[in-house]
Amino acid sequence: MTTTLIKGGTVVSATGRSAADVLIDGETIVALLAPGQAEAIGIAPVRTIDATGKNVVPGGVDVHTHMELPFGGTAASDTFETGTTAAAWGGVTTIVDFAVQRTGERVQDGLAEWHAKADGNCAIDYGFHMIIGGVDDDALKAMTYLVDNEGITSFKLFMAYPGVFYSDDGQILRAMQNAGESGAVMMMHAENGIAIDVLIAQALARGETDPKYHSITRPAELEGEATNRAIQLAKVAGNVPLYIVHMSASEALRELAEARHRGQNVFGETCPQYLYLSLEDHLAQPGFEGAKWVCSTPLRTKHEHHQDDLWKGLRMDELAVVSTDHCPFCMKEQKELGLGDFSKIPNGIGSVEHRMELLYQGVVDGKISLERWVETCCTTPARMFGLYPAKGVIAPGADADILIWDPNGHTSIGFEKKHHMNMDHSAWEGFEIDGKVDTVLSRGRVVVENDQFTGAKGHGKYIKRGLSQYLV
Ligand code: URP
Ligand code: ZN
Ligand code: ZN
């Protein structure tokens, strides 16, 4: 028996913390023991990891990543190998990436393409959601097939990007009705893309081409409007579970909170960029620098109250999950495609390595509790997307996916500092974190320790996910 004992640490869950030692057999957690109990009952582990003074938390679960996503004439710069390795560096042990069906393509072909990209290349475990870019009879049948056979139990639709991923309201309603029958969760990119395209054309005609216009042409009202429309459509479809991705605007959060208070089965996700970055301080930097922070939904103005509202939403459980929407592009030859025309800048920010770190700083700053950090970054994402109790919790029977976090350590994020994503810059340059990833285990294997990556590509396995545990 290959046993490992993580000794002397404080085990933190979504509901509390306690001094406990974690006993691992092979890939699985087998017991939580009172400090010293292992010796008392004669357990002699093959390996002991000293976690004295550290927090022992479930490995991070990032349910929104885009490795190798084709977008805007290029593709996201992290492969499944580089992206999952960077994730491990950041204490993340599971990702759920988005396989893509484009209009006119078969859903199954899109899924096969994603398996081919990921298979044998991942350093940590992974699952897939499916983007449905063309809702029609065949796609609807395929959605049911994926839920029943392929472990894909969530589907993303877009109210934005007309001509690329966009679904109209009729398509959205049909897909939601289908999800209601199969038990899937519908995920929504909620921005009014038709109106946004008008604003973009008008801005470009006025010669407004800098990156900051990306946000100005995607006003918060159009995120709020689309969020409300998605919520109403989900209600009409039979209170189908709806998960709004990458929420950035108070207007949208208000719609979500009202629907939740009415009892509707709707959940929200935000991302570190919306909690920390802004139109003025980042997107509007001089020259073309702001292109680093072009993502959708966009960064919002700091002169309203979006960030405060999002932090409050996290505390109040209006927002359930923090993911990254990791979609990295280099400046050179990628973001540069939008020089002179912000609408051609590929949308996305790379963050998969830094979510646990950035959100922990929220704990230090008193924005969320230590337990809420674990809940929003590990436990709820696992429960929301059918990964629990194998993932997202430290308990007997769970996979030994564990982050040992040093609250007395320090992390300096930056391209020449801590940065392992396949990018030529960091969107998080200069961020200082009062804490540090110490050791990371993925199914019992140590993948990060002593500031070294000790994992390997191919260790990560595809996970067929079950249904969401938040279905009612
Ligand atoms: O800017 C973003 N979010 N890029 C990735 C695609 C998406 O909409 O999630
Ligand atoms: Zn999106
Ligand atoms: Zn995304």
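Being a predicted model, the structure only gives us computed values, none of them experimental.

Definitions and limits used
- Residues numbered from 1 in each chain as written.
- Chains lettered and ligands numbered in written order.
- Predicted model: local features only at pLDDT ≥ 70, side-chain atom pairs only at ≥ 80, totals over all residues.
- Domains from an automatic or database assignment.
- Contact = placed C-beta atoms within 7 Å.
- Helix = DSSP H or I, 4+ residues; strand = E, 2+ residues; numbered from the N terminus.
- Nonpolar A, V, L, I, M, F, W, Y, C, P; charged D, E, K, R; others polar.
- Near = placed C-beta within 6 Å.
- Pairing = 2+ DSSP bridges.
- Axes fitted to C-alpha atoms, helices over the stretch in contact; angles between N-to-C directions.

**Student:** Just to check I follow, could you spell out the domain arrangement of the chain for this structure?
**Tutor:** It is common to give the size of an interface as the accessible area that goes away when the parts come together. What the domain assignment reports for the chain is domain 1 (3–57 + 399–417 + 432–453) and domain 2 (59–384). Computed from C-alpha coordinates alone, the two centres of domain 1 and domain 2 are separated by 30 Å. Contact with domain 1, which involves 22 residues of that partner, is made by 24 residues of domain 2. Within the residue set of the side of domain 1 that touches domain 2, elements represented by two or more residues are strand 18 (402–406), strand 21 (436–442) and strand 22 (445–449). Residues that form the side of domain 1 that touches domain 2 fall into these classes: 13 nonpolar, 6 polar and 3 charged.

**Student:** I keep staring at the site of ligand 1 and nothing clicks. Help me out?
**Tutor:** Close to ligand 1 lie H66, H189, H246, C295, S296, D325, C327, N347 and G348. Each residue belonging to the shell around ligand 1 can be placed in one class, and the counts come to 2 nonpolar, 6 polar and 1 charged.

**Student:** Looking at this structure, how should I read the sheet that holds strand 14 (residues 185–189)?
**Tutor:** Overall, parallel pairing links the 8 strands, which are arranged 8-11-12-13-14-15-16-17 in an open sheet. The open sheet has two edge strands, strand 8 (60–65) and strand 17 (321–322), and neither has a second partner. Summarising the sheet, strand 11 (residues 92–101) and strand 12 (residues 125–132) pair through 8 bridges and their orientation is parallel. Each bridged residue has a counterpart across the sheet, and for Q101 the counterpart in strand 12 is I132. Relative to strand 8, helix 13 (residues 355–364) is tilted by about 115 degrees, and along the sheet it contacts strand 8, strand 11 and strand 17.

**Student:** So what exactly am I meant to see when it comes to the sheet that holds strand 7 (residues 55–58) here?
**Tutor:** Sheet strands line up and pair through hydrogen bonds in the backbone, either parallel or antiparallel. In space, the 7 strands of this open sheet follow the order 3-2-7-18-21-22-23, with mixed pairing throughout. On the outer flanks of this sheet lie strand 3 (17–19) and strand 23 (452–453), each paired with one strand and no other. In the sheet, strand 22 pairs with strand 23 via 2 bridges, with the strands oriented antiparallel. Bridging across to strand 23, E449 finds its partner in Q452. Across the face of the sheet, helix 14 (residues 370–384) comes into contact with strand 2 (10–12), strand 3 and strand 7 while running at roughly 30 degrees to strand 7.

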